[in-house]
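Observations on chain architecture
If you want the building blocks of each chain, they are given just below.
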Amino acid sequence: MRCVMDKNYYNRLAELAINDDEAFTELYEKYFPMVYAMIFTRIKDISAADDVVSEIFMKVALNLDSHDKKFAFSTWLFKIASNTLADYFS
């Protein structure tokens, strides 16, 4: 049951984060460690990983209004992270 609660909570938080910096900060603090670990594991360079993760969260911030609420915020976030990582390697 916790997953459903988390999905709904973070989806609502993502909606609020469109206009609320504190809500975005909460999302950032929750997901930054996971996103950073994913990126650094593949890039293995601190400076490059920092840049890619910054780019990911910039894309998230600029596109929050396009998040489809049918899907978990984390699914949408990690899709952005995967696509940004693919762009880095292309």
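Right above here is the structure, for reference.
Residues numbered from 1 in each chain as written. Predicted model: local features only at pLDDT ≥ 70, side-chain atom pairs only at ≥ 80, totals over all residues. Heavy atoms only, no water.

Things to note about the packing of aromatic side chains
Rule in force here: Ring pairs are drawn from Phe, Tyr and Trp, using the six-membered ring of Trp, whenever the two centres fall within 6.5 Å, and their geometry is named by plane angle: stacked under 30 degrees, edge-to-face over 60, tilted for the rest. Burial classes: relative accessible area under 20% of the type maximum marks a residue as buried, over 50% as exposed, and values in between as partly exposed (1.4 Å probe, protein chains only). Only Lys NZ and Arg CZ are tested; either one counts as a charge over a ring when it is within 6 Å of the ring centre and within 35 degrees of the ring normal.
All chains considered together, the criterion is met by 10 aromatic pairs. Relative to tyrosine 10, the ring of tyrosine 9 lies with its centre 4.9 Å away and its plane at 85°, an arrangement referred to as edge-to-face. Using a relative accessible area of 32% as the deciding quantity, one classes tyrosine 9 as partly exposed. Residue class for tyrosine 10 comes out buried when judged on its relative accessible area of 12%. Here the aromatic cluster, defined as three or more aromatic residues joined through ring pairs, consists of Tyr9, Tyr10, Tyr31, Phe73 and Trp76. Here lysine 30 stacks its cationic end above the ring of tyrosine 31, 5.9 Å away from the centre of that ring.

A look at the nonpolar core
For the record, the criterion: Joining through side-chain atoms within 4.5 Å is the link that ties buried Ala, Val, Leu, Ile, Met, Phe, Trp, Tyr and Cys residues into a set, and such a set is a nonpolar core. Put simply, DSSP marks the helices as runs of H or I at least four residues long and the strands as runs of E at least two long, and each gets a number from the N terminus on. Two residues qualify as a contact provided that any one of their heavy atoms is within 4.5 Å of a heavy atom in the partner residue.
Formed by 27 residues in total, the largest nonpolar core has its most connected members in Ile39, Ile56, Val60 and Phe73. Taken together, the elements giving at least two residues each to this core come down to α1 (2–17), α2 (21–43), α3 (46–63) and α4 (73–89). When near neighbours in sequence (up to four residues on either side) are disregarded, valine 60 contacts Phe24, Phe73, Trp76, Leu77 and Ile80.

Description of α4
Stated formally: Expected helix span is given by 1.5 Å per residue-to-residue step, counting one fewer step than there are residues.
Compared with an ideal rise of 1.5 Å per residue, which puts 17 residues at 24 Å, α4 spans 25 Å between its outermost C-alpha atoms and is within 8% of the ideal. Of the positions making up α4, those classed as buried are Phe73, Trp76, Leu77, Ile80, Ala81, Thr84 and Leu85.

Here's the deal with the packing of α2 against α4
Worth spelling out the cut-off: Interaxial angles span 0 to 180 degrees and are taken between N-to-C directions of axes, which are lines fitted to C-alpha atoms, for helices over the stretch in contact. Note: crossing handedness is left-handed where the near helix turns anticlockwise from the far helix by less than a right angle, and right-handed where it turns clockwise. Lys, Arg, Asp and Glu make up the charged group, whereas Ala, Val, Leu, Ile, Met, Phe, Trp, Tyr, Cys and Pro make up the nonpolar group; the residues left over, Gly among them, are polar.
Where α2 contacts α4, the axes come no closer than 11 Å and their chain directions differ by 35°. Both α2 and α4 take part in a crossing whose hand is right-handed. Mapping the contact onto sequence places Leu27, Tyr31, Met34, Val35, Met38, Ile39, Arg42 and Ile43 in α2 and Phe73, Ser74, Leu77, Phe78, Ala81, Ser82, Leu85, Tyr88 and Phe89 in α4. Class assignment for the residues of the contact of α2 with α4 results in 14 nonpolar, two polar and one charged.

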